[in-house]
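# Structural features, examined
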Amino acid sequence: MAIFKGAGVAMATPMKEDGSINFDAMEKMIEYQIRNHTDAIIAVGTSGEASTLDDDEHLEAIRFCVEVTKGRVPVIAGTGSNNTAHAIMMSREAEKRGADGLLLVTPYYNKATQDGLIASYTAIAEAVNIPCIMYNVPSRTGTNIQPETAAYIGRHVKNIVALKDACGNISQTARTLELCDGVLDLYSGNDDQIVPIMSLGGSGVISVLSNVAPQFTHDMCQKCLDGDFSGAAKMQLGSLALIRALFCEVNPIPVKAALNMMGFDAGKPRLPLTEMTEEHQASLRAAMKDFGIL
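My aim in this report is to walk through the structure given alongside it, one point at a time. (Residues numbered from 1 in each chain as written. Predicted model: local features only at pLDDT ≥ 70, side-chain atom pairs only at ≥ 80, totals over all residues. Heavy atoms only, no water.)

Secondary structure summary: the protein chain contains twelve helices and eight strands in total. In terms of overall dimensions, the protein chain has a C-alpha envelope of 45 × 45 × 35 Å along the principal axes. The proportion of buried residues among the 294 residues of the protein chain is 57%. Taking contacts inside the protein chain between residues at least 6 apart in sequence as the whole, the part at least 24 apart equals 72%. For the protein chain, the computed accessible surface area is about 12,100 Å², with 50% contributed by carbon and sulfur atoms. Charge centroids of the protein chain, computed over 24 positive and 34 negative side chains, lie 2 Å from each other. (Helix = DSSP H or I, 4+ residues; strand = E, 2+ residues; numbered from the N terminus. Buried < 20%, exposed > 50% of the residue type's maximum accessible area, 1.4 Å probe, protein only. Contact = heavy atoms within 4.5 Å. Areas by Shrake-Rupley, 256 points an atom, 1.4 Å probe, with all protein chains shown as cover. Lys, Arg positive; Asp, Glu negative; His and termini not counted. Charge placed at Lys NZ, Arg CZ, Asp CG, Glu CD.)

Now the structure itself:
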C-alpha cells in the first residue's frame, strides 16, 4: 500500500485578503506542482494551516485538491488531531472526498504515551480503507514516536504504511529504519535531511521546499532512488541556504511569503501566525535569487 516515492509537497493553503481560502490560487499552485513533477500533494497539513481551518473549510480544501489533481498524483490529506474521535471523523470524510491517503500527526498538547499512540493510530486506521502515514514532529507536538512503537504499528496495523519523520535526530531515524526493516516507508519531514535519510533507506520527503522548488526537490529524490547519492548530496548542500531562509520563522510563514514573491497570491497566514518581518523577507528574497527562483 505504498503511496508514493520521491518528493511530496506539503502544500501551503493560499488565503484571500479576507482570510478565506483562495481556491483560484490553490488551483494554480497544484498545476505548477504537477508540471514540475511533484510525486504527491499533501493537502491541509501543518504547512496548510490545518490548525486554523474549521472542519468545513478543511474538507472543502481536500475535495478541491482531489478534483483539480484528477488522479495525476496521489493526494494525501492531513487529518490528524489530538482528539482521536475527531481524527476518525475527519479521516472518514477525507476518504469520502477521494483522498488517496492520510497524514496523521501525533496527538499534541495532551501528549499520549507510547501505548496511547498505538491505540489512537490503530483506531484511526481501522476506521478507514485508505493508507495512512504517521507524522512524528516532536518539536511541535511534544510527543515522540519511539522507533519500537513505529515498528510495532507497522507490523500490526495493515493500512499504516509509512512514517513522516521530523524528529530531527538522525540516530533515532536510523534506529527506526533498522527496526521497521521494510514494514513502513519512511519520508524525511525535514528538507535539510532528505539525502541523509534516503541514504539509510528512506523513500523520499514530505517537503516545504517543494512549494517553491518542486522540480529540484523531485530530482534530488530521484537521484537518491537511482543510487546517485554523490549527485544528490551536492544538490542537498546547494539548497541549504534556501532551506534555512524558509525556516527562519515558524512554518508556513516564510513559505507563504516566498509564494507571494513568486506571484502565487498565497496571502498571509491566519493568526496566531503573522506575516514575515521585513528583515527576514529581504533575506528570503536574496536566498531565492541566489537559488535561481527569482
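In this section: helix α6 (residues 147-156). Given 3.6 residues to a turn, an α-helix orients residues that are three or four positions apart in the same direction. Residues P147, T149, A150, A151, I153 and G154 constitute the buried set of α6. If you follow the buried residues of α6, they end up packed against α4 (114-126), β5 (132-136), β6 (160-165) and α7 (170-180).

This next bit is on the packing of aromatic side chains. Tallied over the full model, the rule gives four aromatic pairs. An angle of 55 degrees between the planes, with centres 5.0 Å apart, marks the rings of Y32 and F264 as tilted. Of this pair, Y32 sits in helix α1 (residues 23-35) while F264 sits in the loop between α11 (253-261) and α12 (278-291), and the two are 232 residues apart along the sequence. Its guanidinium or amino end placed over the ring of Y135, K164 lies 4.0 Å from that ring's centre, counting from NZ or CZ. (Phe/Tyr/Trp six-rings, centres within 6.5 Å; stacked < 30°, edge-to-face > 60°. Lys NZ or Arg CZ within 6 Å of the ring centre and 35° of its normal.)

Ordered by their spatial adjacency, eight strands build a closed barrel running β1-β2-β3-β4-β5-β6-β7-β8, and the pairing between neighbours is parallel. Along the sheet, successive strands turn relative to each other by an average axial angle of 25 degrees, direction set aside. Two strands pair when backbone bridges link them, and β5 and β6 are joined in this way by five bridges, in the parallel orientation. If you follow C132 over to β6, its bridge partner there is I160. (Pairing = 2+ DSSP bridges. Axes fitted to C-alpha atoms, helices over the stretch in contact; angles between N-to-C directions.)

The next point concerns the nonpolar core. The biggest cluster of nonpolar side chains holds 84 residues, and the ones touching the most others in it are M134, I160, V212 and L284. With seven residues, helix α2 (residues 55-69) is the largest single contributor of residues to this core. The next biggest cluster of nonpolar side chains, apart from the first, holds 16 residues, and it includes A10, A40, Y135 and Y187. (Core = buried A, V, L, I, M, F, W, Y, C linked by side-chain atoms within 4.5 Å.)

Within this structure, the stated rule accounts for eleven salt bridges. A salt bridge links K5 to D185; the nearest nitrogen and oxygen atoms lie 3.7 Å apart. Pair noted here: K5 is in the segment before β1 (6-10) and D185 is in strand β7 (residues 185-188), with a separation of 180 residues, a long-range link. Overall, K5 belongs to the partly exposed group, its relative accessible area being 46%. Where K256 meets E49, a salt bridge forms, and the shortest distance between an N and an O atom there is 2.7 Å. (Salt bridge = Lys/Arg side-chain N within 4 Å of Asp/Glu carboxyl O.)

What follows concerns unusual backbone geometry. The omega torsion of the bond from N251 to P252 falls at 10 degrees, within 30 degrees of zero and hence cis. Position of P252 among the secondary structure elements: in the loop between α10 (229-246) and α11. A cis amide bond links L271 with the next residue in sequence, P272, at an omega value of 15 degrees. By the secondary structure assignment, P272 is in the loop between α11 and α12.

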